[in-house]
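Structural overview
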Amino acid sequence: MSGFDKDWLALREPADRKARAGNLIDRLCLYMVATKPHRALLDIGCGTGSTFRTLSPLVPVDTDWHLLDYDPLLLEEAKLRTGERSNIRFRRHDLNDLDSLPLDGVTVVTASALFDLCSADFCNRFIDAISPHGAGLYAALNYDGVMQWTKPHPLDEQVVADFNRHQHFDKGFGPALGPDATQHLRLGLEWNGYHVCTAPSPWVLGPDQARLQAELLHGIVRPLTEVGNLSSAEISDWLAFRRASLPAPDSSCVVGHTDLIALRKR
Ligand SMILES: C[S@@+](CC[C@H](N)C(=O)[O-])C[C@H]1O[C@@H](n2cnc3c(N)ncnc32)[C@H](O)[C@@H]1O
């Protein structure tokens, strides 16, 4: 339903986990430890529960979790993978309905690979929604506009420019912020009295992650076609070159992301 396939999310999860900025996770954990007596995390756009799987072994065991997504298939998979536990609730909810987001008692809202899909207007309304509750935000793995390959191809620059242009197309929240998401969140959150930290969380994908790289390449084709600057022959040539380079031991790809944590000053 959302266009995010569970197999794609499973394929990217180990790379995401490795990429996440550890110093921001440490901040989140310290904040959770210092929050008493009740701690709760609301994971929005939870997919199959990747953020829960990464963070739950690190935050206090008595933390309540609320996993929220609008895609019933992904939520079902999240339930299957997580199992029944008394401290986890699942909720099907379209984030565009911010008024009924379950924010009461939430210590920090978490989100991974979500805010680059969102519009400036959505982010502003989201900050307006969480701010009166004093809820913090951990927003990880927002694409930052950087894609680089060790083996250069003459069309790389155009490919990245077109892909980044497509990042601003509407992904269900209005015109998306894409690579501008982190900076937009930072300014809005600071304006609302949050203490904000950001840190890079790039994927660095070598030949050992050829499957993820291949899926990434596959996923780039539609945006390039929709932007329409490159002919289908140019896209095919570029793709064939990239696919042929995948097994080479010195071939790797960097995809830039940024993580952000915003907490209330105590
Ligand atoms: C890139 S996936 C990330 C999933 C998960 N956070 C992860 O890191 O694996 C984006 C997620 O946002 C969800 N999503 C997109 N638009 C949404 C909306 N309007 N309301 C609720 N969830 C949404 C999708 O269903 C998908 O699970």
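Residues numbered from 1 in each chain as written. Predicted model: local features only at pLDDT ≥ 70, side-chain atom pairs only at ≥ 80, totals over all residues. Heavy atoms only, no water.

1. Digging into unusual backbone geometry
Residue Pro37 is bonded to the preceding Lys36 through a cis peptide linkage, with omega at 0°. A positive phi is found at Ala113, a non-glycine position, where the angle reads about 55°. Secondary-structure assignment places Ala113 in the loop between strand E4 (108-112) and helix H5 (120-130). At Leu141, a position not held by glycine, the phi torsion is positive, near 60°. Inspection of the secondary structure puts Leu141 in strand E5 (residues 136-149). In this structure Leu141 comes out as buried when scored by relative accessible area, which is 1%. (Helix = DSSP H or I, 4+ residues; strand = E, 2+ residues; numbered from the N terminus. Buried < 20%, exposed > 50% of the residue type's maximum accessible area, 1.4 Å probe, protein only.)

2. Description of the packing of H5 against helix H7 (residues 181-191)
Direction vectors running N to C along H5 and H7 enclose 35°, while the axes themselves pass 10 Å from each other. Here the hand of the crossing between H5 and H7 comes out right-handed. In contact with Ala120, Cys123, Asn124, Ile127 and Ile130 of H5, H7 contributes His184, Leu185, Gly188 and Leu189. Partitioning the contact of H5 with H7 into residue classes produces six nonpolar, three polar and no charged. (Axes fitted to C-alpha atoms, helices over the stretch in contact; angles between N-to-C directions. Left-handed = near helix turned anticlockwise from the far one by under 90°. Contact = heavy atoms within 4.5 Å. Nonpolar A, V, L, I, M, F, W, Y, C, P; charged D, E, K, R; others polar.)

3. Describing the site of the ligand
Looking at the ligand, there are 19 residues lining it, with Gly45, Asp69, Asp94, Leu95 and Ser112 nearest. Asp69 is positioned with one of its side-chain polar atoms (N or O) 2.6 Å from an oxygen atom of the ligand. In the complex, 98% of the free accessible area of the ligand, which totals 590 Å², lies under the protein chains. Of the residues that constitute the shell around the ligand, the class distribution is nine nonpolar, seven polar and three charged. (Near = heavy atom within 4 Å. Polar contact = N/O pair within 3.5 Å; in protein donor to acceptor, adjacent residues only side chain to side chain. Areas by Shrake-Rupley, 256 points an atom, 1.4 Å probe, with all protein chains shown as cover.)

4. Quick word on the pairing of strand E1 (residues 40-44)
Within E1, five of the five residues are buried, which leaves it mostly tucked inside the rest of the structure. Of the two faces of E1, the one holding Ala40, Leu42 and Ile44 and the one holding Leu41 and Asp43 are both buried throughout. The sheet contact formed by E1 and strand E2 (residues 64-69) spans five bridges and is parallel. The partner of Ile44 across the bridge, within E2, is Leu68. Following the backbone out of E1, through helix H3 (residues 50-55) and into the adjacent parallel E2, one traces a crossover that is right-handed. Both E1 and E4 contribute to a ladder of three bridges, which runs parallel. What sits directly across from Leu42, in E4, is Val109. (Pairing = 2+ DSSP bridges. Right-handed = clockwise from strand over helix to strand, strands pointing away.)

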